[in-house]
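A structural walkthrough
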Amino acid sequence: MIKPLRFPALQLRLRYFLLLPLLICLYGCPFSSSYKLDADPAEYADDQLVGNWATMVTTASGKEGPVKMSIRKKNDMEYSIDFTGDIYDMKPFGIVTQDSIKSNAYISNASGFRFLNISIQGQTYIAEFVLKDNRLSILPLAEKFTAKLIRSDSDLRNAVEFHFKTRVKPVYDEPFCLREMVRVN
């Protein structure tokens, strides 16, 4: 009887090699959840945010390209937000329709910071927003901002508040950050 040859070290390396892309995808995504910081909007929509904003982003290939964000009031408490421009790196995530990303959002406050609860195709992305010197930054939290299992809106709020109280520098998903956008026509 002939015994099959086994190469445990090779099999182990092959498993790691196949898991590596999965790990990169998991750590390269903004935090998304079916939960929100507030179940319903609690703050009125800020008129200063309404309008068209633009910035330059660096794509995965290393090139710079424009991204434009259009914010409109949906009602007194919510916004409709469209992202257009060089967003082709986001096609693998399945949220790009045609040449844009369409979303709804509302403002929440937590630990003295302002956040947008951005809803895209049934998932909520939590992004801090900063409006300073007439420049707008949208800073989505990274998937790894917490190791806690989120099971409710209050769990998400507690995790965000704990993160912002205990970190000197919050964990943002840098490839998805839109920093210092300027108002355009």
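In case you missed it, the structure is sitting above this.
Heads up: these notes are all about the structure in this document. (Residues numbered from 1 in each chain as written. Predicted model: local features only at pLDDT ≥ 70, side-chain atom pairs only at ≥ 80, totals over all residues. Heavy atoms only, no water.)

According to the stated counting rule, one finds 2 aromatic pairs in the structure shown. The interplanar angle of 50 degrees and the centroid separation of 4.8 Å between the aromatic rings of Phe113 and Phe164 together place this pair among those described as tilted. Within this pair, whereas Phe113 is found in strand β6 (residues 113-120), its partner Phe164 is found in helix α2 (residues 153-166), the two being separated by 51 residues in sequence. Assessed through its relative accessible area of 7%, Phe164 is described here as buried. Arranged with centres 5.1 Å apart and planes meeting at 85 degrees, the rings of Phe115 and Phe164 form a pair that is edge-to-face. Highlighted residues: Phe115 in strand β6 and Phe164 in helix α2, separated in sequence by 49 residues. There is no split in this pair, since Phe115 and Phe164 are both buried. (Phe/Tyr/Trp six-rings, centres within 6.5 Å; stacked < 30°, edge-to-face > 60°. Helix = DSSP H or I, 4+ residues; strand = E, 2+ residues; numbered from the N terminus. Buried < 20%, exposed > 50% of the residue type's maximum accessible area, 1.4 Å probe, protein only.)

Our next topic: unusual backbone geometry. You will see that Gln121, though not glycine, has its phi angle at about 50 degrees, which is positive. Tracing the sequence through the fold places Gln121 in the loop between β6 and β7 (123-132). Overall, Gln121 belongs to the exposed group, its relative accessible area being 54%. Although it is not a glycine, Asn134 adopts a positive phi angle of roughly 60 degrees. Within the secondary structure, Asn134 is located in the loop between β7 and β8 (135-140).

This next bit is on the side chain of Asp46. Within the element layout of this structure, Asp46 appears in the loop between β1 (32-33) and β2 (51-58). With relative accessibility at 16%, the residue Asp46 sits in the buried group. Within the local environment of Asp46, its side chain forms a polar contact with the backbone nitrogen of Gln48, the two atoms lying 3.0 Å apart. Leave out the neighbours within four places in its chain, and Asp46 touches Tyr79, Ile107 and Arg114. (Polar contact = N/O pair within 3.5 Å; in protein donor to acceptor, adjacent residues only side chain to side chain. Contact = heavy atoms within 4.5 Å.)

Take the pattern of salt bridges next. Within this structure, the stated rule accounts for 9 salt bridges. Here Arg179 and Glu174 are joined by a salt bridge, their closest N and O atoms 2.9 Å apart. Look at the salt bridges and you will find they share partners, linking Asp38, Arg157 and Glu161 into a network. (Salt bridge = Lys/Arg side-chain N within 4 Å of Asp/Glu carboxyl O.)

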